[in-house]
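Spelled out, the chains give:
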Amino acid sequence: MNEQFYLPLVVITITTIAIPFLFHLSKYLGEKSMNTNNQNEVYESGIQNTHKDSFERFNVKYYLVAIIFVLFDVEILFMFPWALNLRELGLFGLIEMFVFMGLLGAGLIYIYKKGALKWT
Amino acid sequence: MDTALLVETVIKIVVILLVFSALAGFGTYFERKVLAFMQRRLGPMNVGPYGLLQIAADGIKLFTKEDIIPAGVVPLIFKIAPVITAATAFMAAAAIPFLPSFTIFGYEVHPIVADINIGILYVMGMMAVGLYGPLLGGLASNNKYSLISTARAVAVFISYEVVSGLAILAPLMMVGSLSLLDINDYQAGGITHWIAFSQPVAFILFWIAAFAETGRTPFHLIANDHELIDGFGTEYSGMRWGLFFIGEYANMFFISFVMAIMFLGGYGDGSVAGAFALLGKVAFFFFFFLWTRAAWPDVRPDQLMWLTWKVLMPLAVINVVITGFVLMF
Amino acid sequence: MLNEVLFYILSALILVSALVLISARRPIDAALSFIVTLVSIAALFALQGSSFLFATQIIIYAGAILALILFIIMFLNIQDKNLPDEPHKKRDITFSTLAVLPFTVVLISLINKSPLVDQALPYDLFGGIKDIGSVIFNDYLLVFELISILLLVSLIGAVSLAKEDKDVK
């Protein structure tokens, strides 16, 4: 494979990750951390320690959105190679993709009907 | 190993990092000024002429802040999360041509770090990974505001990734290439060739999705100041918070570049006028981000979900279908 | 030269982060190392010149599926006191590694003995997404359409599993 293409990517990956890490050294620039208990308290609009920890259960709707997203994301990624080949594939390719999209459209309608995306 | 290539790449990356970190700083200044003028205030005025040195003052303040790691956080992940936001934002820049190629001292410079032929997919992928900054930061923070913000951030980002993916599909069908250079060259014929005119629906959908992916105002639920304090950034201070900030503003600039190149003709035929036109378009998109912030209220999370899945996504699918038919017949 | 060096660095990164993934105590630490694993695998694909696999790996695995996993971590509400006590964790991992080692050796020698088939698609410089498209949509059409049915089935399954149960309420 041609070095011309991945060498820049390697360099930009290393620099963009390394430089923000160097920013962490800025703690030596300012005041030394006093590390008192009051200061390290979690921010709760001035009231101290109402929660021992913040982990709470969430609405399952969030999970549902994420799982639907995964499926549609797969669909969209499959559509990219098709979009680039549209001219070569011609009408047959168009019909192929419409069958594919039709089935997923059916899935979308099923989601609407089941009210999976209703947030109220 | 090709030493010349290495040197060239390093110079390009350093320039990009410096320019866009500086622009992120100026971005905050412009934002404060624009918002102030729209609200009939003056904005920052005290530090330097017209408050211009405010940026330097903010930078010094961020760098010299005391290093606070609150109780109960997961320290390693708390520290890494802002790095992810900043790093992915700048990594996305690798596939974006910022200017047309020009010649300096007899050496031809291409102002793009790597002309990958999956350009736009690479940019989208990096922005998808950028999601882990807010996500891990909020999860590690041990603060309920951060956690609510995290859940919202993920729901918003992933929903709008579907919309932006479907929206760019229609232009790509016309161009037949994923590289931003090819997309730009496709529109080189002048203003009538701009994809924004042949694909207005895709343009507007992508523009809306850009607001969601950068977390700007109509979709600013992630860090909705009046209910979630600063969202996932609540527990962050000093330079770590600054990294989130640089990442956010750099993302705004990069997505403005992507929009200008994909839909508004980019730098056109590559002349000097074209280069300035590209910068003008980017400036317009950036200004539009600020304008919207001054003019619009935030939407509710449920409205936002309704908008994506029931309005924008069907529209995007119909747009792809119609484009397919038009290209065939 | 650079190619090989990068290959070994990425492989080491994948192995180490995968090891951290299974041995981390807190789920969130495991999630972070899982991101590293997935992104390194994507980089490995890019190194082989398969740009479509690279994009798929980044966008779907690192972008979508991991977000799902982190959501699950949030939902399960795991706290430190809920985590199981695993006093012999290191010993268990070592012994299970030793147990599968013979199998791995057999597998590697099998792969080495099998005839090499060049399955690489013709690519221009950084891999060709266009060539993959023409292969999928001309030669593997039926499989492609079956994928959409698979996706539809999993969509319906996910919705009916996650929807609220009215009887229980």
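None of the values given here were measured: they were computed from a predicted structure. (Residues numbered from 1 in each chain as written. Chains lettered and ligands numbered in written order. Predicted model: local features only at pLDDT ≥ 70, side-chain atom pairs only at ≥ 80, totals over all residues.)

Draft legend 1. Seen up close, the overall build of chain C. When helices and strands are tallied, chain C shows six helices and zero strands. Helices and strands in chain C line up, N terminus first, as α-α-α-α-α-α. Within chain C, buried positions represent 27% of all 169 residues. Put simply, of all contacts in chain C between residues at least 6 apart along the chain, 50% involve residues at least 24 apart. (Helix = DSSP H or I, 4+ residues; strand = E, 2+ residues; numbered from the N terminus. Buried ≥ 20, exposed ≤ 12 C-beta atoms within 10 Å, placed from the backbone. Contact = placed C-beta atoms within 7 Å.)

Draft legend 2. Structural view of the overall build of chain A. Across its full length, chain A holds two helices and zero strands. The buried share of chain A, reckoned over its 120 residues, is 36%.

Draft legend 3. Examining the interface of chain A and chain B more closely. With 54 residues of chain A at the interface, the matching set in chain B holds 62 residues. Mapped by element, the contributors of at least two residues to the side of chain A that touches chain B are helix H1 (3-23) and helix H2 (60-114) of chain A. Of the residues forming the side of chain A that touches chain B, the biggest block, 18 residues, is contributed by H2(A). A per-class count over the side of chain A that touches chain B returns 32 nonpolar, 14 polar and eight charged. (Nonpolar A, V, L, I, M, F, W, Y, C, P; charged D, E, K, R; others polar.)

Draft legend 4. Focus on the interface of chain C and chain B. Contacts between chain C and chain B engage 23 residues on the former and 23 residues on the latter. Only helix H2 (27-47) and helix H3 (51-76) of chain C provide two or more residues apiece to the side of chain C that touches chain B. With 11 residues, the single largest contributor to the side of chain C that touches chain B is H3(C). Taken together, the residues of the side of chain C that touches chain B break down into 18 nonpolar, two polar and three charged.

Draft legend 5. Layout of the domain arrangement of chain C. Splitting chain C by domain gives domain 1 (1-80 + 87-92) and domain 2 (128-163). Of note, the centres of domain 1 of chain C and domain 2 of chain C, computed from C-alpha atoms alone, are 24 Å apart. (Domains from an automatic or database assignment.)

Draft legend 6. Expanded view of helix H2 (residues 54-63) of chain B. Residues and elements named next belong to chain B. Of the positions making up H2, those classed as buried are Gln54, Ile55 and Leu62. Along the axis of H2, the buried positions cluster into a sector of 100°, meaning they face one direction only. Exposed side of H2, more than 90 degrees from the buried face: Ala56 and Ile60 are the residues found there. Looking at the buried side of H2, the elements it contacts are helix H1 (3-38) and helix H11 (238-263). (Arc of directions from axis to C-beta.)

Draft legend 7. Seen up close, the packing of helix H6 (residues 144-175) of chain B against helix H9 (residues 200-213) of chain B. All names here are of chain B. For the pair H6 and H9, the least separation of the axes is 8 Å and the interaxial angle reads 155°. Taken together, the axes of H6 and H9 are roughly antiparallel relative to one another. Between H6 and H9 lies a crossing whose hand is left-handed. Packed against H6, whose contacting residues are Val156, Phe157, Tyr160, Val163, Ser164, Ala167, Ile168, Ala170 and Pro171, the element H9 presents Ala202, Leu205, Phe206, Ala209, Ala212 and Glu213 at the interface. Looking at the contact of H6 with H9 residue by residue, the class counts come to 13 nonpolar, one polar and one charged. (Axes fitted to C-alpha atoms, helices over the stretch in contact; angles between N-to-C directions. Parallel < 35°, antiparallel > 145°, perpendicular 65-115°, else oblique. Left-handed = near helix turned anticlockwise from the far one by under 90°.)

Draft legend 8. How the structure looks around the environment of Asp131(C). All names here are of chain C. One can find Asp131 in helix H5 (residues 129-139). With 17 C-beta atoms packed within 10 Å, Asp131 lands in the partly exposed category. Between the C-alpha atoms of Asp131 and Asn112, which are 19 residues apart in sequence, the distance is 28 Å.

Draft legend 9. Representation of the confidence of the model for chain C within the structure. Residue and element names in this part refer to chain C. Looking at chain C as a whole, its pLDDT mean stands at 79, while 85% of the residues score no less than 70. Mean pLDDT per element in chain C: H5 is the minimum at 76, and helix H1 (residues 2-23) is the maximum at 86. ipTM for the predicted complex: 0.81, alongside a pTM of 0.86. (pLDDT = per-residue confidence, 0-100.)

Draft legend 10. Local environment of the packing of H2(A) against helix H13 (residues 301-328) of chain B. Axis separation between H2(A) and H13(B) bottoms out at 13 Å; the angle between their running directions is 10°. If you check the angle between H2(A) and H13(B), you find them roughly parallel. Taken together, the residues of H13(B) that come into contact with H2(A) (itself represented by Val65(A), Leu86(A), Leu91(A), Leu94(A), Phe98(A), Met101(A) and Gly105(A)) are Met305(B), Val317(B), Val321(B), Gly324(B), Leu327(B) and Met328(B). Considered class by class, the residues forming the contact of H2(A) with H13(B) number 11 nonpolar, two polar and no charged.

Draft legend 11. The arrangement of H2(C) in detail. Compared with an ideal rise of 1.5 Å per residue, which puts 21 residues at 30 Å, H2(C) spans 30 Å between its outermost C-alpha atoms and is within 8% of the ideal. Directly beyond the C-terminal end of H2(C), a positive phi value near 85° is found at Gly49(C). (Expected span 1.5 Å × (residues − 1).)

Draft legend 12. Region of interest: unusual backbone geometry. All names here are of chain B. For Arg40, which is not glycine, the phi dihedral falls at a positive 55°. As for its placement among the helices and strands, Arg40 is situated in the loop between H1 and H2. Backbone geometry places Tyr50, a non-glycine residue, at a positive phi of 55°. Judged by C-beta crowding, with 13 C-beta atoms within 10 Å, Tyr50 ranks as partly exposed.

Draft legend 13. The arrangement of the environment of Tyr29(B) in detail. Residue and element names in this part refer to chain B. With respect to the secondary-structure elements, Tyr29 resides in helix H1. Note on Tyr29: 18 C-beta atoms within 10 Å, which makes it partly exposed. Excluding residues within four positions of it along the chain, Tyr29 makes contact with Pro44, Gln54 and Ile55.

Draft legend 14. Broad picture of the environment of Gly63(C). Residue position: Gly63(C) is located in helix H3. For Gly63(C), a count of 27 C-beta atoms within 10 Å corresponds to the buried category. Taking the C-alpha atoms as reference points, Gly63(C) and Leu38(C), separated by 25 residues in sequence, lie 9.7 Å from one another. Gly63(C) has contacts with Gly125(B), Ala128(B), Val129(B), Leu131(B) and Ile58(C), leaving out every residue within four places of it along the chain.

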